[in-house]
Amino acid sequence: MTTAAPVASLVGVGLRYGKVVALDNITLNLPAGRMVGLLGPDGVGKSSLLALLSGARAIQHGQIHALGGDMTSADHRSRVCPRISYMPQGLGKNLYPTLSIEENLQFFGRLFGHPAAERRRRIDALTASTGLTPFLARPVGKLSGGMKQKLGLCCALIHDPDLLILDEPTTGVDPLARAQFWNLITEIRSERSGMSVIVATAYMDEAQDFDWLVAMDAGRVLATGTPTELLERSGSKSLDAAFIALLPEERRRGHHAVTLPPLAAGSDTDIAIAAQDLTMRFGDFVAVDHVNLSIRRGEIFGFIGSNGCGKSTTMKLLTGLLPASAGSAELFGQTVDPKNIATRRRVGYMSQAFSLYSELSVRQNLVLHARLFQVPEIDIPARVEEMVQRFGLVAAVDAMPDTLPLGIRQRLSLAVAMVHRPELLILDEPTSGVDPIARDSLWQLMIDLARQDRVTIFISTHFMNEAGRCDRISLMHAGRVLVTDAPAELVRQRGAATLEAAFIGYLEDAGARGEAVTSAPAVPATAPRTHRVPFSLSRAWSYALREALELRRDPMRASMALLGTALLMVVFGYGISLDVENLSYAVLDRDQTGLSQNYALNLSGSRYFVERPPITDDRDLDRRLRAGQLALAIEIPHGFARDVARGHSVQIGAWVDGAMPVRAETVRGYVQGMHQGWLLEQAQHRLGLDAAATNPATIATRFRYNPDVRSLPAMVPAIMPMLLLMIPAMLTALAVVREKELGSIINLYVTPVTRSEFLLGKQLPYILLAMLNFALLTLLAVTVFGVPIKGSLLALTAGALLFVTFSTGFGLFASTFTRSQIAAMFVTIIGTIIPAVQFAGMLNPVSSLEGVGHVIGLVYPAAHFLTITRGVFNKALGFASLEASFWPLALAVPVILMLSILLLKKQER
Amino acid sequence: MAHLANLYRLGIKELWSLARDPAMLVLIAYTFTVSIYVAATAMPETLHKAPLAIVDEDGSPLSARIVSAFYPPRFDPPAMIALAGIDAGMDAGVFTFVLDIPPDFQRDVLAGRSPVIQLNVDATRMSQAFTGSSFVQQMVLGEVGEFVQGYRGSAPVPVELALRIRFNPNLEQSWFGALMEIINNVTLLSIILTGAALIREREHGTIEHLLAMPVTPAEIMLAKVWSMGLVVLLAAGVALVFVVQGVLRIPIEGSVALFLVAAALHLFATTSLGIFMATLARSMPQFGMLAVLILLPLQLLSGNSTPRESMPELVQDVMLAAPTTHFVTAAQAILYRGAGLDVVWSSFLALAVIGAVFFTIALIRFRRTISAMV
């Protein structure tokens, strides 16, 4: 079977994530032109192997040859990536949920350089053959799991790959959609016979029809061969059993087939859960549609259906997590009420995703939950110990949950749900992704709970063999319960061979045929290959278009950016005033003569000062200064007028509040000036001298650019750089890191797009948005604030363009080396707000700063853009006079972009 | 009783989450040490290294005497330029001040003709322009006066002005800069820490888990408020004692304990605000935008960068609803002026009221949106 040249060969491949070994010295040849299955539960290394094979993840140890070249060579990878297609695990993981089917396909088509007509032809052909044509305009986020996977397949096939890599394409998809998916693959393979397909799957029954299988466990290969070879070798009837038989002895120990003792009779009247016409609507969408249920105490009740059919929502309604739109539900005869804390103690709930605290150890999690459920403090150690023993967590008790295999984590979740001895367990897909042995042991635990402890268990699953173990099951589709009965009874009523076939029958009756496959000609194999170019405008454009579409679909973000900046401009323009005015002062006049009052009057006439009630004594003076009620206190001594008349020297005391140095400095200037003025006036008045005689020289002060020394014309140009720095940077920072968190970054890893195309493409829409922002701010400045543009508008616009290219670039930079959105957000805030507000010359000129702040001010582009905005708005300048400020800006753009490109990785590490 | 126990346990859980998140710890450490140090040492005195140029068209001993009056740290050594260089230098923002001493200045002074010196000021640099111009005037007139009288020292002025600066005698900006940076960072961190903690719980699905337990939304919220508040409070206290008093050697006049009480009241309001914002934002990107839009005015209009009394009445009144305004008022009074509770009680009361209102609004909103988070 493996005589032909292999499509890929692995020699001694190893991979570690920190201390965890994901792949352990794997050597393997994968035959070409076949359907190869990678078999095994979650966490055995299937996904890691596929990621290495597709080039998405960097190779750590060993060698991988694929499609005739070494995958460690970046050159080879970029040559063959248009021939490889990789569909990662997770429903629609590499798709864009806010974009429609059509837009997603167009995006991928552009990435591979197809012209418009070619894209149209391919999209039409692919969507026709997958039955997606009627839904082209629907956003991906609103598709069912099966449709998402079909679309994922279309996107993977759009460029005629020679090697198609599918990572668990049918996990979480209902049986009907699953059958359709495999038919589609078979059809495509019959038309493109040269194509090799590698599929990872956790469903052993699917693997029956594959050409060649690789069974994996704990990062190693257990066995390879055709399905029949594997069955013969292990002497088993099903692949599930064969897989267990192939496992090493120590893993199989203690495993035995799960048996379900019948439910004790006579418990029909004892009802644990009852639901009447339970309905849940989200807007127009009916998630749960008139569901009726009645579950007896001690029963194991199964809920079967595809992802998104309403199983989880029904469970949340029953736990009181969500209030129902209509209908009623009762637990133990009491109406479910989200506010009723008492019934919650009788229920244990295990949600679909692992939702324990990954920051707490296994024991801490158990103790925390026991306490929150108010298990008496003295019982807690014993209770936790019991759970640890019963659920086999002894070895893991001090470990952090993230370091544990999924099977053990799910046991922990079950232990946590059981820690307060609930009478009812609601379990949402507890065995999803767990290996067959761990699944069986989990089931044994649940059966013991149900039969021995009389705990009612309400469980959802998409494994048919698990559905067969329940006392009764409900089949659910599109929010409605299709049928409820014992599994064997359903098979009998339908006259089907298996429960799965019976389910498909019910689904077809319910009208799920709508998305069925209609055979259509697939894409011809003689498509033009794309040329390799170092920078492809069309690929960058593809990302730019996509980003722009996503921005349009999230109008809240764009409008916050536009309206928010406008609002901030108004607030700051009026709010931040650099004039120091309306300063409070008061006088302690111990003299109370005409002359002393004349001195005090001198101050009160000033527009800078506002007089407060006179100070009564020293204590009053101190108290009011301390309370911040006075910026200035004047003390005129006893005998002031008398001493002045006699020509004795007198001292007037002035106390200035130094808490705000800028304000104090200004006050000092004002007071000294006014004191001088008063002296002069006195001299003229008493001695009859004229001003010229007393002043040997005078100073004519010209306040340039802003003759009235008003705050607004000075502030408006100063605010623009700050806003045009922070907002665009924040927008782009989250745009890249979000792809990392959500998984669509994989498209960068496995398609021909280069790092610079990716970054510049993503940046473009934000530059446009920021320029729109700039236009809005400029308009506001001219109209609302009445600050005219005296200089060259062209120079201002050019400066703004350079500057927003920098600020969007800074956001990209912040998100290239961070892993989480929150970290990127912090880096952006710290990297923009402090330099912009403090070191860019907004309040103090850069030349006056000291130390690190001075250096930041000189290097950081915000200060240079500030020179440009002030130059154009206030000083009537153009390009020629501002040249010196354009150069640093023009230099900063390529620097920040190069840094981002260098820090971004083309492969996951 | 059970409520208090739940509050305590949920809060401890928040602290564990934070303790195992190294990125956040680094960030908190950075904002309360390095960031404060940089802000304190970079802040210039109002008149510090002010860039000044002089056009000396006279070339006399008197003009030389004027030139020599300007020296660091208040002024950069003056640049001697030609008359034609004034516009270029000021346009490019190289000089804030240009002094033009006219020809025959000394002769005219001695002849009692009271000649005019022109002082050009770049009025777009408001803060420097204001204090600087009056300072330059005094310096020049002082030099001329002394020259005329032929001896150094003050002329017999009958009335002397004894000007004393209270609370910060040398008007050192670093005193102001360091403490204001602490206040800013308390606000920034408390809002982002609580908001992000809630969004993270939502993204990880653990909020759903909590809600299935006998725990009320008020407990979940209060637990975040006290735990994150405590972290920020401790960090602020450490920064005040070790960075501000220790490394920067800035004397603190008032009671650090009283300041921490003010900070605790302030944190009650800001952590509630953080939770409120997290219920408004549907995703982390939206929260990020919201945070920028709310933090900037909170910080810049609180009276922390520019004096409150100089702002328009409307802004002053609106900002009375912001906790930062009262926190800044109280903090300045306590830390710089050594004020006691008898002076700052009104700010404390305002903080408590604002905190209670914010908390109530956030709780109502949290209860209402909590089902949508599941």
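Please read all numbers here as calculations on a predicted model, not as lab measurements.

The rules behind these values
- Residues numbered from 1 in each chain as written.
- Chains lettered and ligands numbered in written order.
- Predicted model: local features only at pLDDT ≥ 70, side-chain atom pairs only at ≥ 80, totals over all residues.
- Helix = DSSP H or I, 4+ residues; strand = E, 2+ residues; numbered from the N terminus.
- Rg over C-alpha atoms; globule rule 2.2 N^0.38 Å.
- Buried ≥ 20, exposed ≤ 12 C-beta atoms within 10 Å, placed from the backbone.
- Contact = placed C-beta atoms within 7 Å.
- Pairing = 2+ DSSP bridges.
- Axes fitted to C-alpha atoms, helices over the stretch in contact; angles between N-to-C directions.
- Core = buried A, V, L, I, M, F, W, Y, C linked by C-beta atoms within 7 Å.
- Parallel < 35°, antiparallel > 145°, perpendicular 65-115°, else oblique.
- Left-handed = near helix turned anticlockwise from the far one by under 90°.
- Nonpolar A, V, L, I, M, F, W, Y, C, P; charged D, E, K, R; others polar.
- Domains from an automatic or database assignment.
- pLDDT = per-residue confidence, 0-100.

A. View of the overall build of chain B. Within chain B one finds 15 helices and 5 strands. Relative to the 2.2 N^0.38 estimate, which gives 21 Å for 374 residues, the radius of gyration of chain B is 27 Å and therefore markedly larger than a compact globule would have. Seen through its principal axes, chain B has C-alpha atoms that stretch 95 × 45 × 40 Å. Counting the 374 residues in chain B, one finds 55% classified as buried. Taking the contacts inside chain B whose residues are at least 6 apart along the sequence as the reference set, 81% of them involve residues at least 24 apart.

B. The arrangement of the overall build of chain A in detail. For chain A, the helix and strand inventory stands at 34 helices and 25 strands. Over its C-alpha atoms chain A spans a radius of gyration of 37 Å, topping by over 25% the 29 Å that the globule rule assigns to 909 residues. Here the C-alpha coordinates of chain A stretch approximately 125 × 70 × 50 Å along the principal axes.

C. Region of interest: the sheet that holds strand β22 (residues 609-611) of chain A. Here we have 5 strands laid out as an open sheet, ordered β22(A)-β21(A)-β23(A)-β24(A)-β5(B), and mixed in their pairing. What marks the edges here is a single partner per strand, and that holds for β22 of chain A together with β5 (159-166) of chain B. Neighbour-to-neighbour, the strand axes of this sheet turn through a mean angle of 25°, independent of strand direction. Here strand β21 (residues 583-589) of chain A pairs with strand β23 (residues 632-636) of chain A via 5 bridges, running parallel. Among the inter-strand pairings, A:Ala586 is bridged to a residue of β23(A), identified as A:Ala633.

D. Fine view of the nonpolar core. Among the nonpolar cores identified, the biggest contains 398 residues, and A:Ile457 and A:Leu632 are the most heavily contacted of them. Discounting chain neighbours no more than four positions away, the residues touching A:Ile457 are A:Ile300, A:Phe301, A:Leu425, A:Leu427, A:Met446, A:Leu449 and A:Ala450.

E. Representation of the packing of helix α27 (residues 711-742) of chain A against helix α31 (residues 821-839) of chain A. Residues and elements named next belong to chain A. In contact at an axis separation of 9 Å, α27 and α31 are set at 165° when each is read in the N-to-C sense. As summarised for this structure, α27 and α31 are arranged roughly antiparallel, according to the angle between their axes. Regarding α27 and α31, the two cross each other, and that crossing is right-handed. Contacts from Pro721, Met722, Leu725, Met726, Ala729, Met730, Ala733, Leu734, Val737, Arg738 and Glu741 of α27 reach α31 at Gln821, Ala824, Met825, Thr828, Thr832, Ile833, Ala836 and Val837. Its residues assigned to classes, the contact of α27 with α31 comprises 14 nonpolar, 3 polar and 2 charged.

F. Examining the interface of chain B and chain A more closely. Contact residues are listed per partner, giving 111 residues for chain B and 116 residues for chain A. Broken down by class, the residue content of the side of chain B that touches chain A amounts to 63 nonpolar, 34 polar and 14 charged. Direction of pairing for strand β24 (residues 650-657) of chain A relative to β5(B): parallel, over a ladder of 8 bridges. Looking at the pairing, A:Trp655 lines up with B:Arg164 of β5(B).

G. Spatial organisation of the domain arrangement of chain A. Domain boundaries assigned for chain A yield domain 1 (6-250), domain 2 (271-346 + 425-513), domain 3 (356-421), domain 4 (537-573 + 710-903) and domain 5 (583-694). For domain 2 of chain A and domain 4 of chain A, the distance between their C-alpha centres works out to 52 Å.

H. Quick look at the sheet that holds strand β4 (residues 61-66) of chain A. Residues and elements named next belong to chain A. Judged by pairing direction, the sheet is antiparallel, and its 4 strands sit side by side in the order β2-β1-β4-β5 without closing on themselves. Taken across any chain shown, the strands that pair with only one partner, and hence form the sheet edges, are β2 (20-31) and β5 (69-70). Where β4 lies against β5, 2 bridges are found, and the strand directions are antiparallel. Bridge pairing in β5 links histidine 65 to aspartate 70.

I. Summary view of the confidence of the model for chain B. Residues and elements named next belong to chain B. Residues of chain B with pLDDT of at least 70 account for 94%, and the chain-wide mean is 84. Least confident of the elements in chain B is helix α9 (residues 206-211), whose mean pLDDT is 76; most confident is helix α11 (residues 256-280), at 92. Across residues 151-156, where pLDDT falls below 50, the model places 3 contacts with residues more than four positions away in sequence or in other chains. The ipTM value of the predicted complex is 0.78, and its pTM value is 0.79.

J. Structural detail: unusual backbone geometry. All names here are of chain A. For arginine 421, which is not a glycine, the phi torsion comes out positive at approximately 50°. By the element assignment, arginine 421 lies in the loop between α15 (406-418) and β17 (424-428). Owing to 14 C-beta atoms within 10 Å, arginine 421 belongs among the partly exposed residues under this scheme. Unusually for a residue other than glycine, glutamine 592 sits at a positive phi of about 55°.

K. Focus on the pairing of strand β10 (residues 220-225) of chain A. Residue and element names in this part refer to chain A. As paired strands, strand β9 (residues 212-217) and β10 are joined by 5 bridges and run antiparallel to one another. Counterpart to methionine 216 in the pairing with β10 is valine 221. The loop that links β9 with its antiparallel partner β10 comprises 2 residues; one of these, alanine 218, has a positive phi angle of about 50°.

L. Region of interest: the environment of B:Leu188. Here B:Leu188 shows up in helix α8 (residues 173-204). In the structure, B:Leu188 is positioned 136 residues away from B:Leu52 in sequence and 37 Å away in space, judged by C-alpha atoms.

M. Spotlight on the domain arrangement of chain B. When its domains are assigned, chain B resolves into domain 1 (2-43 + 172-373) and domain 2 (52-149). Just the C-alpha atoms count here: the centres of domain 1 of chain B and domain 2 of chain B sit 47 Å apart.

N. Up close: the packing of helix α18 (residues 487-494) of chain A against helix α19 (residues 499-509) of chain A. Residues and elements named next belong to chain A. At a minimum axis separation of 9 Å, α18 and α19 run at an interaxial angle of 60°. Crossing of α18 against α19: the hand is left-handed. Here Pro487, Leu490, Val491 and Arg494 of α18 come into contact with α19, specifically with Leu499, Ala502 and Gly505.

O. Representation of the confidence of the model for chain A within the structure. Residue and element names in this part refer to chain A. Here chain A averages 82 in pLDDT, while 92% of its residues score no lower than 70. When the elements of chain A are averaged for pLDDT, helix α26 (residues 691-694) gives the smallest value, 52, and helix α30 (residues 793-817) the largest, 93. Every residue in residues 514-530 scores below 50 in pLDDT, and together they form 34 contacts with partners more than four places removed in sequence or on other chains.

P. Structural detail: the environment of A:Ala478. Residues and elements named next belong to chain A. When you line up the elements, alanine 478 lands in the loop between β19 (472-477) and β20 (480-485). Residue alanine 478 is classed as partly exposed on the basis of its 18 C-beta neighbours within 10 Å. When the C-alpha atoms of alanine 478 and threonine 127 are compared, they prove to be 23 Å apart, with 351 residues separating the residues in sequence.

Q. How the structure looks around the environment of A:Asp398. Residue and element names in this part refer to chain A. Mapping aspartate 398 onto the fold places it in the loop between α14 (380-390) and α15. In this structure, the C-alpha to C-alpha distance between aspartate 398 and alanine 880, residues 482 residues apart in sequence, is 69 Å. Once residues within four sequence positions are removed from consideration, aspartate 398 is found in contact with Ser361, Val362 and Arg363.

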